[in-house]
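The residues making up each chain are set out below.
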Number of protein chains: 2
Amino acid sequence: MKFCPQCGQPLALKVPTGDHLPRHVCTACELVHYQNPKIVVGCVPEHEGRILLCRRAIEPRHGFWTIPAGFMENDETMQQGAARESWEEAYARVEIGSMLAVVTVLHAQQVHVMFRARLAEPTWGAGAESLEVALYDPADIPWTDLAFASVRFALERYLEDRAAGRDGLHFTAIDRRLPAAPLAGVPG
Amino acid sequence: MKFCPQCGQPLALKVPTGDHLPRHVCTACELVHYQNPKIVVGCVPEHEGRILLCRRAIEPRHGFWTIPAGFMENDETMQQGAARESWEEAYARVEIGSMLAVVTVLHAQQVHVMFRARLAEPTWGAGAESLEVALYDPADIPWTDLAFASVRFALERYLEDRAAGRDGLHFTAIDRRLPAAPLAGVPG
């Protein structure tokens, strides 16, 4: 961020009065432009015991496997966003269930929020951002070809909870240098 | 948003190839600038059965009561942000508990995420953004002087769950024209 989105003049980094962090402040109109984490919403869609995964047709992580997920839009709830992404990436109509995982991805300034889900109809297909879409038995999930650590975390917690017959909500923080580790597990 | 934060040239609203919504696109460098909801994190701090509330010293809703809450920063988890806001607004050290409520505030392009909390020490005071901070018996909560509908939703669900002996996670969407109503309640 180099120029003021409001007036087009150069920005400078400084700590505004009463604040505690450096912000992008306009050198002309003095507006402060805060930068905050973006929300990524996704879900783990299950159908007859198998999990729907998408192989990415776009960067980052082209060719690797993910659950349906993407940036939350302004005009929707998290659940609506997760269902929209399932449709866009996998032509899958899903019923969104309980919240499964909240993963703070510190290096990307993102918060990934994943829900449990079920296919509302037994149909799916590759959307524009997917090379292929498939249902996986848990034993066959391509763990070494997953796109993101947050996807691994969500799938691991999903399968653990399913085996234990509970619906937990799980939190973790990830940065690029560290593996995912649970901060707090709250079994339902 | 009128000018490109990357190069300072004017933006135009158009639907990028492969997208489905109009975005701010730079007329010079062609960068697409997405706008997404911001996360507000907060908590309901309890101490000996009473709830800590802050009377706002800033706009919007100057003079009205709120729970400690504010914009999540890039370098923290939701729980860390909620604890930070409790310190900044109420000089209260809190232990953050389970997630209580997720309120999509559609007219403000925000998602408010509230947690249960307990005071770690029996001390509090008015931070720079508060006129006063006080502990309220549930029967004395100033319902007609609350700052935001999301605060009312969080407090109502908190007290209902406490009375029922459960830790639920509650979702709702609010816009300025409509009262808050539960979309889905998931008792813990």
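Scroll up for the structure.
Small disclaimer: the values here were computed from a predicted structure and weren't measured. (Residues numbered from 1 in each chain as written. Chains lettered and ligands numbered in written order. Predicted model: local features only at pLDDT ≥ 70, side-chain atom pairs only at ≥ 80, totals over all residues. Heavy atoms only, no water.)

Enquirer: Help me understand unusual backbone geometry, please; the structure alone is not making it clear to me.
Expert: Leaving glycine aside, a negative phi is the common case for residues, and trans is the common case for peptide bonds. With an omega of -5 degrees, the peptide bond between E59(A) and P60(A) qualifies as cis. Counting through the fold element by element, P60(A) comes out in the loop between β5 (50–56) and β6 (65–66). One non-glycine residue, R61(A), lies in positive phi territory at about 70 degrees. Following the sequence through the fold, R61(A) ends up in the loop between β5 and β6. For R61(A), a relative accessible area of 33% translates into the label partly exposed. Of note in this structure, Y91(B) is not a glycine but carries a positive phi near 40 degrees. One can find Y91(B) in the loop between α1 (78–90) and β8 (94–105). We classify Y91(B) as partly exposed; its relative accessible area is 40%. (Helix = DSSP H or I, 4+ residues; strand = E, 2+ residues; numbered from the N terminus. Buried < 20%, exposed > 50% of the residue type's maximum accessible area, 1.4 Å probe, protein only.)

Enquirer: Is there a simple way to think about the state of the cysteines in this case?
Expert: Defined simply, a disulfide is a covalent bond joining two cysteines at their sulfur atoms. Residues and elements named next belong to chain B. Going through the model one piece at a time under the given rule, you end up with zero disulfides over all chains. Not engaged in a disulfide, the cysteine C29 finds its nearest cysteine sulfur in C26; these two sulfurs lie 3.7 Å apart. On the basis of relative accessibility, which here comes to 34%, the residue C29 falls in the partly exposed class. (Disulfide = S-S within 2.5 Å.)

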